[in-house]
Amino acid sequence: MSELQTHDDEILIQGKFEELLKLCCNNTNEEGIALIRKAFDIANEAHKGIKRRSGVPYILHPIAVAKIVVQEIGLGYKSICAALMHDVVEDNPNFTIDLVKSVFGETISYIVDGLTKIDVAFDKEKSNQAENFKRILLTMNDDIRVIIIKIADRLHNMRTLGSMPVEKQQKISNETLFLFAPLAYRLGFFKIKSELEDLSLKYLMPEAFEEIDAKINATEAGRQDFFDKFINPIENKLKESNIKFNTSARTKSVYSVWNKMRTKSVNFEEIFDLFAVRIIFEPTDIIPERTQCWHIYSIITEIYQSKNERLRDWISTPKTNGYEALHCTVMAFGVWVEVQIRTKRMEEIAERGFAAHWRYKDDTAQEEEVDRWLAKIRDVLVSPETNAVEYLDQFRLNLYSSEITLFTPKGKTIILPKGVTVMDFAYTIHSRIGDKAISAKVNHKLVSLSYILNNGDQVEVLTAETAKPQRVWLEYAKLPRTKSRIEAALKAEVQGHIELGRKLIEKKLSEFNVEPQSRVFIKLCAAYGVANKRELYSKVGAGIIELDDFEKQLKKNPPQKSAIYWGFGLIQKIIPGTKKPIKEDETQKTDETTTETTKIDKKKTFLLKETFEKKLTYKTENCCNPIPGDNIIGFEIDDGQVTVHRQECPEANKLAAEHGDKIIKVKWTTHKVQSFLALIDMRGIDRIGILNDTTKIITGEMNVNMRKLNVESHDGIFEGTIELYVHSIEDLNNLITKISKIKNMESVRRL
Ligand code: MN
């Protein structure tokens, strides 16, 4: 085979290797350079005469991978050696891992071995991607450099994918999109991630790629004009402040435009955040970087109005993948523009990943620092016992840390395990906050109690005096200690109601000089339709039963006379199929019930009440669905019943015009049991999760029951109607207020 390697090839290869060496000189000592040369010699020998599909000598591939490793990722000489030799053992049986070990020692041979094993896994045509991913992650447990070099390897393969047959292009692009791009992102290699995505899209959806790419290019000039107009006043001010800086307009990648068009179903023309402005500056040593970032922020916001809820401080709390920057969004010439403020160091980390960070450290310490960083990541990975998909999820949760740091609005730090919810956070601050929680603002955005918090989130728990622990909260809570606190609160609440109910009833009884004897209670239980004393106390305590008519109930059937009646009641109870005692009781009511059904005093205001059988003393009409609290008008209809419409209901207008004599004054009383149908209409800009956010709010609202949800989305607009049951207009208004606060929700109104 070696005769196939021509002199020209040799010159080409040497030239490429020299380029690589030049890149290494800056931060590699002589010993390192010598090892790199040795690795190259071995690789060159092993791949001698072998060509890539494109016709170039094979060795150019490992050289290119090594180049990516040093230039685009910033790893040291051990990684460069491993990258150069990553295909040696697999491709040439004369070169074994033992040989590599004997020349390069433990670390490098370990990385080469890991890379070889991954390749073997990927070569199997089965392409079980989840399984492949697991294999990769397992390697990560050992040495993350294996993964990083594998990403570099994949990047170069993607860059040279054109010469592969179409079906290979598809397979490799799919794998890249599924495995390598997310992995690159998690490791903080934003630039590589973006390139991997773009290349994958180019091979998977060539037409879409070309179309978007062409449009991005065609609109470039207009963007440049806008950018110049936007940046000029900022640049002038920055110069006045003697800040050394660079500005640039960063256009979204083809892939992210495509992804946005797809997920939000919008046209290219409708994507308004097509670019972001970046300001990269050289900080001075005297003032902290963060302060300098905020200084630039204040310069910008003196010129343009800023949107405070879009402010992101990734400096005080960097993202878990190491990303640091200050992001703000400002209004300029009628358009919202995102501005990213960062130092040169932050820029390098953002573009090349966290490993780039160590470039700023002392040369000799570099490898050591990388090792320490790798060890840290390794430590937090869990042992792989589950299946591949579960493992992947666990991996995502545990990549950098099993704990997250959260902040109160005042900046107090709270450290909790990953995966905790707002509910857990609320109870961690204080049981009182937990008990009264209704929702929260995370980074100023409204979320439900079940929202899962992320590292660095600033959490403001919203409370309401009327809020109290709900059984469903047990599902929201992730921490056992939160669950036990909720359980305790639920128990205490029932106990509290019982205590309160007991006091209220005993007070009433003493007002009327009645002894709290058991037969009095049997009577009261029947009158109020409850099974026992405990339920009576608890319902009275909770306000479900009101004692307005207590005197009537007592006087109507004085205890001493009621023995016969009680006998009757008890018989009713034990004979199945007979009517409930409460029914009998109602027919015995001489005044109230009969007047209601037969004669209505039009001079008096008719009170709209509910009975404890969840029945109403009146009817509501479904032309306008009145709800307690609405302005209403009542009519006496033919059978002596009262029907209620909303004041503005056209049907009511008609009725009032035709049968003015049937109008009666009506007034709502409190309704605790009966719910009323209400319709809500909503409209907004469609985005992923808007529906989910909406249902979460509705289901989290304790006095609301959803019946139907109808949603349509077209041309990026989200439209829907909700049918739900509420107790009162207050409940409904609360809900509407909450739904209107959902991001991208434009209007919410009752129908
Ligand atoms: Mn390779």
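This text gives an overview of the structure that appears in the document. Sequence order as written defines the numbering, with residues in each chain counted from 1. Per-residue local features are limited, in this predicted model, to residues with pLDDT of at least 70; the limit for side-chain atom pairs, both in listing and counting, is 80 or more; totals at the level of whole chains, interfaces and linings are taken over all residues. The side-chain quantities take in all heavy atoms of the structure and omit both hydrogens and water.

Focus: the overall build of the protein
Filter applied, for reference: A run of H or I in DSSP becomes a helix once it reaches four residues, and a run of E becomes a strand once it reaches two; helices and strands are each numbered from the N terminus. Note on exposure labels: buried denotes an accessible area under 20% of the residue type's maximum, exposed denotes more than 50%, and partly exposed covers the range between, all computed with a 1.4 Å probe on protein chains only. We call two residues in contact when some of their heavy atoms are within 4.5 Å. Calculation of accessible area relied on Shrake-Rupley with a 1.4 Å probe; when residues are assessed, cover is drawn exclusively from the protein chains displayed.
Helices and strands together make up the secondary structure of the protein, namely 31 helices and 21 strands. In the protein, which comprises 751 residues, the share counted as buried stands at 46%. Considering only residue pairs separated by 6 or more positions, the protein has 66% of its internal contacts joining residues 24 or more positions apart. Counting every atom, the protein has about 37500 Å² of accessible surface; 51% of that belongs to carbon and sulfur.

Here's the deal with the packing of helix 1 (residues 7-25) against helix 2 (residues 30-46)
Note the threshold: Axis definition: a line fitted to C-alpha atoms, limited for helices to the stretch in contact. Angles are taken between N-to-C directions and run from 0 to 180 degrees. An angle below 35 degrees is read as roughly parallel, one above 145 as roughly antiparallel, one from 65 to 115 as roughly perpendicular, and any other as oblique. The hand of a helix crossing depends on one turn: near helix anticlockwise from the far one by less than a right angle means left-handed, and clockwise means right-handed.
Between helix 1 and helix 2, the least distance of the axes is 11 Å, while the angle of their chain directions is 155 degrees. As the angle between them shows, helix 1 and helix 2 are arranged roughly antiparallel. With respect to the hand of their crossing, helix 1 and helix 2 are arranged in right-handed fashion. Each of Glu 10, Ile 13, Gln 14, Phe 17, Glu 18, Leu 21, Cys 24 and Cys 25 in helix 1 lies in contact with helix 2, whose residues at this interface are Ile 33, Ile 36, Arg 37, Phe 40 and Asn 44.

Overview of the sheet that holds strand 14 (residues 632-636)
Here is the rule: Two strands are counted as paired when DSSP detects at least two bridges linking them.
Strand order in the open sheet formed by 4 strands is 13-15-14-16, and the pairing between neighbours is mixed. Strand pairing shows two members of the sheet lacking a second neighbour, strand 13 (619-620) and strand 16 (663-664), which therefore form its edges. Where strand 14 lies against strand 15 (residues 642-646), 5 bridges are found, and the strand directions are antiparallel. Bridge assignment links Ile 633 to a residue of strand 15, and that residue is His 645.

Structural notes on the coordination of the manganese ion
Stated formally: Each metal site is built from N, O and S donor atoms within 2.8 Å (3.2 Å for Na, K and Ca), and since water is not included, such sites may look incomplete.
Those protein atoms acting as donors to the manganese ion are His 61 (NE2), His 86 (NE2), Asp 87 (OD) and Asp 153 (OD), and they sit at 2.2 to 2.7 Å. Every donor residue of the manganese ion comes from the same chain, spaced as H-x24-H-D-x65-D. With relative accessibility at 1%, the residue His 86 sits in the buried group.

Side note on the nonpolar core
Generally speaking, nonpolar side chains in soluble globular proteins are found buried as a group. Quick reminder of the rule: What we call a nonpolar core is a set of buried Ala, Val, Leu, Ile, Met, Phe, Trp, Tyr and Cys residues that are connected through their side-chain atoms within 4.5 Å.
Leu 84, Met 85 and Ile 151 are the most contacted members of the largest nonpolar core, which has 61 residues in total. With 9 residues, helix 9 (residues 144-159) is the largest single contributor of residues to this core. Excluding residues within four positions of it along the chain, Met 85 makes contact with Ala 39, Ile 42, Val 100, Phe 104, Ile 108 and Val 112. Core analysis: the next-biggest nonpolar cluster, separate from the first, contains 31 residues, Val 644, Val 704, Leu 732 and Met 745 among them.

Quick look at the pattern of salt bridges
For clarity, the cut-off: Salt-bridge detection follows one rule: a side-chain nitrogen of Lys or Arg within 4 Å of a carboxyl oxygen of Asp or Glu.
For the structure shown, the criterion picks out 23 salt bridges. Asp 630 is paired through a salt bridge with Arg 750; the nearest N and O atoms lie 2.7 Å apart. Here Asp 630 is found in the loop between strand 13 and strand 14, whereas its partner Arg 750 is found in strand 21 (residues 745-750), with 120 residues between them in sequence. Note on accessibility: Asp 630 and Arg 750 belong to one class, buried. What emerges from the salt-bridge pattern is a single network uniting Glu 72, Arg 159 and Glu 195.

Side note on the sheet that holds strand 10 (residues 445-447)
Reading across from one edge, 10-9-11 is the order of the 3 strands in this open sheet, with antiparallel pairing throughout. Pairing within the sheet leaves two strands with one partner each, and these edge strands are strand 10 and strand 11 (459-463). The sheet shows a mean angle of 30 degrees between the axes of neighbouring strands, taken without regard to direction.

What to know about the side chain of Arg 223
Convention followed: Counted as a polar contact is a pair of N or O atoms within 3.5 Å, where, for protein atoms, one must be capable of donating a hydrogen and the other of accepting one, and residues adjacent in sequence contribute only when both atoms are in side chains.
Note that Arg 223 resides in helix 13 (residues 220-240). Looking at Arg 223, the relative accessible area reads 10%, which means it is buried. At a separation of 3.5 Å, a polar atom in the side chain of Arg 223 contacts the side chain of Thr 251. Apart from the residues within four sequence positions on either side, Arg 223 is in contact with Ile 216, Thr 251, Leu 274 and Phe 275.

Considerations on the packing of helix 23 (residues 518-528) against helix 24 (residues 533-542)
As a reminder of what qualifies: Residues are grouped as follows: nonpolar covers Ala, Val, Leu, Ile, Met, Phe, Trp, Tyr, Cys and Pro; charged covers Asp, Glu, Lys and Arg; every other residue, Gly included, is treated as polar.
Closest axis-to-axis distance for the helix 23/helix 24 pair is 9 Å, and the angle between their directions is 55 degrees. Taken together, the axes of helix 23 and helix 24 lie oblique to each other. In this structure, helix 23 crosses over helix 24, and the sense of that crossing is left-handed. For the pair formed by helix 23 and helix 24, the contact residues are Phe 521, Leu 524, Cys 525 and Tyr 528 on the first element and Lys 533, Leu 536 and Tyr 537 on the second. Split by residue class, the contact of helix 23 with helix 24 holds 6 nonpolar, no polar and 1 charged.

Looking at the state of the cysteines
Filter applied, for reference: What counts as a disulfide here is a pair of cysteine sulfur atoms lying within 2.5 Å.
Tallied over the entire structure, the rule returns 0 disulfides. Free of any disulfide, Cys 24 has its nearest cysteine sulfur in Cys 25, 7.0 Å distant. Judged by relative accessible area, which is 0%, Cys 24 ranks as buried.

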